[in-house]
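# Close look at the chain arrangement
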Amino acid sequence: MEPVVAVVVAAGAGVRLGGTEPKALRLLNGRPLISYCLEGLAAGGVDRVVVVIAAGTEADFEAALADSPIPAAYVHGGQDRAASVEAGLAAMAGDPAFDGCRYVLVHDAARALVPGPVVARVIAALRDGASGCVPVMPVVDTVRQLTDDGSVVIDRSQLRLVQTPQGFERSVLVAALAQARQGGLQITDDASAVAAAGVPIALVEGSRDALKVTEPLDLVLAEAIERSRR
Ligand code: C5P
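An account of the accompanying structure is given in this report. Just so you know, these numbers come straight off a predicted model, no measurement behind them.

With that settled, the discussion passes to the nonpolar core. Nonpolar side chains tend to gather and get buried jointly when the protein is soluble and globular. Ile34, Val46, Val49, Val51, Phe61 and Leu105 are the most contacted members of the largest nonpolar core, which has 43 residues in total. For this core, the elements supplying multiple residues, two or more each, are strand E1 (4–9), helix H1 (33–44), strand E4 (48–53), helix H2 (58–65), strand E6 (103–108), helix H4 (116–127) and helix H7 (216–229). Look past the residues within four positions of Phe61 in its chain and what remains in contact with it is Ala10, Pro22, Ala24, Leu25, Ile34, Val51 and Ile53. In this structure, Val50, Val85, Phe98 and Leu177 belong to the second largest nonpolar core, which totals 24 residues.

In total, this model carries nine salt bridges according to the counting rule given. Of the charged contacts in the structure, one is a salt bridge between Asp108 and Arg81, with a shortest N-O distance of 2.9 Å. Highlighted residues: Asp108 in strand E6 and Arg81 in helix H3 (residues 81–93), separated in sequence by 27 residues. The buried category is assigned to Asp108, whose relative accessible area is 11%. Among the residues examined, Arg81 registers a relative accessible area of 22% and is labelled partly exposed.

Our focus in this paragraph is the packing of aromatic side chains. The full count for this structure, using the stated rule, is zero aromatic pairs. The ring of Tyr36 has Arg31 sitting right over it, with the charged end atom 5.0 Å from the ring centre.

Residues in contact with the ligand amount to 14 residues; listed here are only the nearest, Val9, Ala11, Gly12, Gly78 and Ser84. The contact in question runs from an oxygen atom of the ligand to an N or O atom on the backbone of Val9, over 2.9 Å. For the ligand, an oxygen atom lies 2.9 Å from a polar atom in the backbone of Gly12. Contact with the protein chains removes 80% of the 460 Å² of surface that the ligand exposes when unbound. By residue class, the composition of the shell around the ligand is five nonpolar, four polar and five charged.

Direction vectors running N to C along H1 and H2 enclose 45°, while the axes themselves pass 9 Å from each other. The orientation of H1 with respect to H2, classified from their angle, is oblique. The crossing of H1 and H2 is right-handed. From H1, Ile34, Ser35 and Leu38 reach across to H2, where they touch Phe61, Ala64 and Leu65. Among the residues making up the contact of H1 with H2, the classes are represented as five nonpolar, one polar and no charged.

The rules behind each value
- Throughout, a residue's number is its position along its own chain's written sequence, starting from 1.
- In keeping with the predicted nature of the model, local features appear solely for residues at pLDDT of at least 70, side-chain atom pairs appear and are counted solely at 80 or more, and the whole-chain, interface and lining totals rest on all residues.
- Side-chain measures were taken over the full set of non-hydrogen atoms in the model, leaving aside hydrogen atoms and water.
- Remark: nonpolar core denotes a set of buried residues (Ala, Val, Leu, Ile, Met, Phe, Trp, Tyr, Cys) joined through side-chain atoms within 4.5 Å.
- Only protein chains enter the accessibility calculation, which uses a 1.4 Å probe; a residue is then buried when its area is under 20% of its type maximum, exposed when over 50%, and partly exposed in between.
- Numbering of helices and strands runs from the N terminus, with a helix taken as a DSSP run of H or I at least four residues long and a strand as a DSSP run of E at least two residues long.
- Here a residue-residue contact requires only that any non-hydrogen atoms of the pair lie within 4.5 Å.
- Counted as salt bridges are all cases of a side-chain nitrogen of Lys or Arg within 4 Å of a carboxyl oxygen of Asp or Glu.
- What counts as a ring pair is set by centres within 6.5 Å for rings of Phe, Tyr and Trp (its six-membered ring), and what kind of pair is set by the plane angle: stacked under 30 degrees, edge-to-face over 60, tilted for all other angles.
- Ring-over charges, as used throughout, are those where CZ of Arg or NZ of Lys falls within 6 Å of the ring centre and within 35 degrees of the ring normal.
- Only heavy atoms are used to decide nearness, and a residue is near a molecule or strand if one of them lies within 4 Å of it.
- Distance and chemistry together define a polar contact, namely a pair of N or O atoms within 3.5 Å, with one atom able to donate a hydrogen and the other to accept it when in protein, and with adjacent residues in sequence counting only for side-chain atoms on both sides.
- With residues, only the protein chains shown are counted as cover, and all accessible areas are computed by Shrake-Rupley using a 1.4 Å probe.
- Under the scheme applied here, ten amino acids are nonpolar (Ala, Val, Leu, Ile, Met, Phe, Trp, Tyr, Cys and Pro), four are charged (Asp, Glu, Lys and Arg), and all others, including Gly, are polar.
- Axes, fitted as lines to C-alpha atoms, cover a helix only where it is in contact. Angles between the N-to-C directions of the axes lie from 0 to 180 degrees.
- An angle below 35 degrees is treated as roughly parallel, one above 145 as roughly antiparallel, one from 65 to 115 as roughly perpendicular, and anything else as oblique.
- What makes a crossing left-handed is the near helix being turned counterclockwise from the far one by less than a right angle; a clockwise turn instead makes it right-handed.

And the structure:
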C-alpha cells in the first residue's frame, strides 16, 4: 500500500490557552499534546510525520518527538498556519524518505486526542479516490448570522464543523496552497484552498474527542477524555 505522510502544524504560540511554552508542548495529564497527536496518527495508519515548529523550541520538541511511534522530523514554520503547512510540504519535497508519498494528511497539533479511526477514515477516502477529504461534525447549537437586525438563523442541518486531519493528494495540496498564497486568499484550513482550486472535498465522520485545545476549558475537557480512555 502507498505510504501516508502527515504534516502536523505546531508553530502557533497558543496565546488563547495561556502559558509560555508552545501549545503543542503543553502537558495533558503529564504528556505533551504533540505526543498524543503522533499516537493518534500512527494508530490511524500514518507512516511518517513532519512536525512544523517555531524557531527556538527545537530542544523541547526533540525530547517530545523521541518517543514517537513513527518516524518524526521537524522543520520551522511560517508567519501563519498556511505558511507553516507549506514549510512542512517543502521539507518533504527535498527528502528522499518522502519521495513517492502520494497522500498527505495535515493535522493541527491542538487536536491532540484525534482517535485513530478518524485518521483511518480520512486515509480510506483518499485510497478510494478522493483528492481531498475532511472529518466533520454536525452543529448542535442554533446558529444566527450577524446581520443588522440579527434575524437570520441558518439551517444547521446544512452545516458541518470541520476538523483535522485533512487528507489530500500531495500534488493537489501543494498546488492549491501556492495558488491561494499568490491570490492572497485568506484561509483557515487546507481544504478551503483545495476547494477554491475547484477540487471536490469528501466528508467523513469526525469525533468530539478531536476537539481543538484552544482555551483553558478545552484542556480540562481533553484531560477528562484522556483519563476515560485508560
Ligand atoms: O491559530 P489556529 O488555531 O488556527 O492554529 C491552528 C494550528 O496551526 C495550531 O496547531 C498552530 O500551532 C498552527 N500554526 C502554525 N503556524 C502558525 C500559526 C498556527 O503551525 N504561524
